[in-house]
Amino acid sequence: MTRIKRGYIARRRRTKLRLFASSFQGAHSRLTRTMTQQRIRALVSARRDRGKRKRDFRRLWITRINAVIHETGVFYSYNRFIHNLYKKQLLLNRKILAQIALLNRSCLYTISNEIKK
């Protein structure tokens, strides 16, 4: 019987895997089985941390808004400030409010005066 050479598909798959795992250390970048395991682990961590990053940024924005509100005495609490924003139908998200609080406090005073009316 003649010898049958394997196709290129498995090699192509492993090459793609090697490119993904090239920055890993030790056997994680050299051995196919551990490369596969580390790739799965890396993708799981990436997915988990995308959600965590969203939560962390939201916490940061809330902390910044709260600090400026307390420092300037605009409102008693962050909670009341946001509640009154929604009551007056001023649709500003927390990211924009945090940027206003940091960069342009006079604008935040204007917003708070609009809410108090």
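Residues numbered from 1 in each chain as written. Predicted model: local features only at pLDDT ≥ 70, side-chain atom pairs only at ≥ 80, totals over all residues. Heavy atoms only, no water.

An unreviewed UniProt entry lists the protein under the name Large ribosomal subunit protein bL20c, from Eruca vesicaria subsp. sativa. In the Sequence similarities (unreviewed entry) part of its UniProt record, the protein is described as follows: "Belongs to the bacterial ribosomal protein bL20 family." Looking at the protein in UniProt, the text filed under Subcellular location (unreviewed entry) is "Plastid, Chloroplast". (UniProt positions renumbered as here; feature names shortened; annotations may be inferred.)

Trainee: I keep staring at helix α2 (residues 32–72) and nothing clicks. Help me out?
Mentor: Because an α-helix completes one turn every 3.6 residues, residues spaced three or four positions apart along the sequence face the same direction. In this model α2 runs 59 Å from its N-terminal to its C-terminal C-alpha over 41 residues, within 8% of the 60 Å that 1.5 Å per residue would give. At its buried positions, α2 is contacted by α1 (9–21), α3 (78–87), α4 (94–103) and α5 (105–116). Gly 73 sits one or two residues past α2 and shows a positive phi near 70 degrees. (Helix = DSSP H or I, 4+ residues; strand = E, 2+ residues; numbered from the N terminus. Expected span 1.5 Å × (residues − 1). Contact = heavy atoms within 4.5 Å.)

Trainee: Looking at this structure, I do not really get the packing of aromatic side chains. What am I missing?
Mentor: Here the distance between the centres and the angle between the planes together describe a pair of aromatic rings. One pass over the full model with this rule turns up two aromatic pairs. Ring centres of Phe 20 and Phe 24 lie 6.1 Å apart, and the angle between their planes is 85 degrees; on these two criteria the pair is classed as edge-to-face. Ring geometry for Phe 57 versus Trp 61: centroids 6.0 Å apart, planes at 35 degrees, classification tilted. One end of the pair, Phe 57, and the other, Trp 61, are both in helix α2, four residues apart, so they sit about a helical turn from each other. The class for Phe 57 is partly exposed, based on a relative accessible area of 41%. Here Arg 39 stacks its cationic end above the ring of Phe 20, 5.7 Å away from the centre of that ring. (Phe/Tyr/Trp six-rings, centres within 6.5 Å; stacked < 30°, edge-to-face > 60°. Buried < 20%, exposed > 50% of the residue type's maximum accessible area, 1.4 Å probe, protein only. Lys NZ or Arg CZ within 6 Å of the ring centre and 35° of its normal.)

Trainee: What is the right way to look at α1 in this model?
Mentor: Between its first and last C-alpha, α1 extends 18 Å over 13 residues, near the 18 Å set by a 1.5 Å rise per residue. Along α1, the residues classified as buried are Ala 10, Leu 17 and Ala 21. Viewed along the axis of α1, the buried residues span an arc of 30 degrees, placing them on a single side of the element. Facing away from the buried side of α1, by more than 90 degrees, are the exposed residues Ile 9, Arg 11, Lys 16 and Leu 19. (Arc of directions from axis to C-beta.)

Trainee: So what exactly am I meant to see when it comes to the side chain of Ser 29 here?
Mentor: Relative to the elements of secondary structure, Ser 29 occurs in the loop between α1 and α2. On the basis of relative accessibility, which here comes to 18%, the residue Ser 29 falls in the buried class. Separated by 3.3 Å, the side chain of Ser 29 and the backbone oxygen of Phe 24 make a polar contact. Leaving out residues up to four positions away in the same chain, Ser 29 has contacts with Arg 18, Ala 21, Ser 22, Phe 24 and Met 35. (Polar contact = N/O pair within 3.5 Å; in protein donor to acceptor, adjacent residues only side chain to side chain.)

Trainee: Mind showing me how you'd approach the nonpolar core here?
Mentor: It is characteristic of soluble globular proteins that their nonpolar side chains tend to be buried jointly. Judged by nonpolar contacts, the single largest core of 16 residues is most densely connected at Ile 65, Phe 81, Leu 85, Leu 97 and Leu 108. Among the secondary structure elements, those contributing two or more residues to this core are α2, α3, α4 and α5. Beyond its immediate stretch of four places on either side in the chain, Phe 81 contacts Ile 65, Ile 69, Phe 75, Leu 97, Leu 108, Ile 111, Ser 112 and Ile 115. (Core = buried A, V, L, I, M, F, W, Y, C linked by side-chain atoms within 4.5 Å.)

Trainee: Sorry if this is basic, but what is going on with a positive patch on the surface here?
Mentor: Together, Arg 6, Arg 13, Arg 14 and Arg 18 give the surface a local cluster of positive charge. Of note, Arg 14 is situated in helix α1. Here Arg 14 falls in the partly exposed class, since its relative accessible area comes to 35%. (Patch = residues over 30% accessible without salt bridge, like charges linked within 9 Å, V, L, I, M, F, W, Y side chains within 5 Å. Areas by Shrake-Rupley, 256 points an atom, 1.4 Å probe, with all protein chains shown as cover. Salt bridge = Lys/Arg side-chain N within 4 Å of Asp/Glu carboxyl O. Lys, Arg positive; Asp, Glu negative; His and termini not counted. Charge placed at Lys NZ, Arg CZ, Asp CG, Glu CD.)

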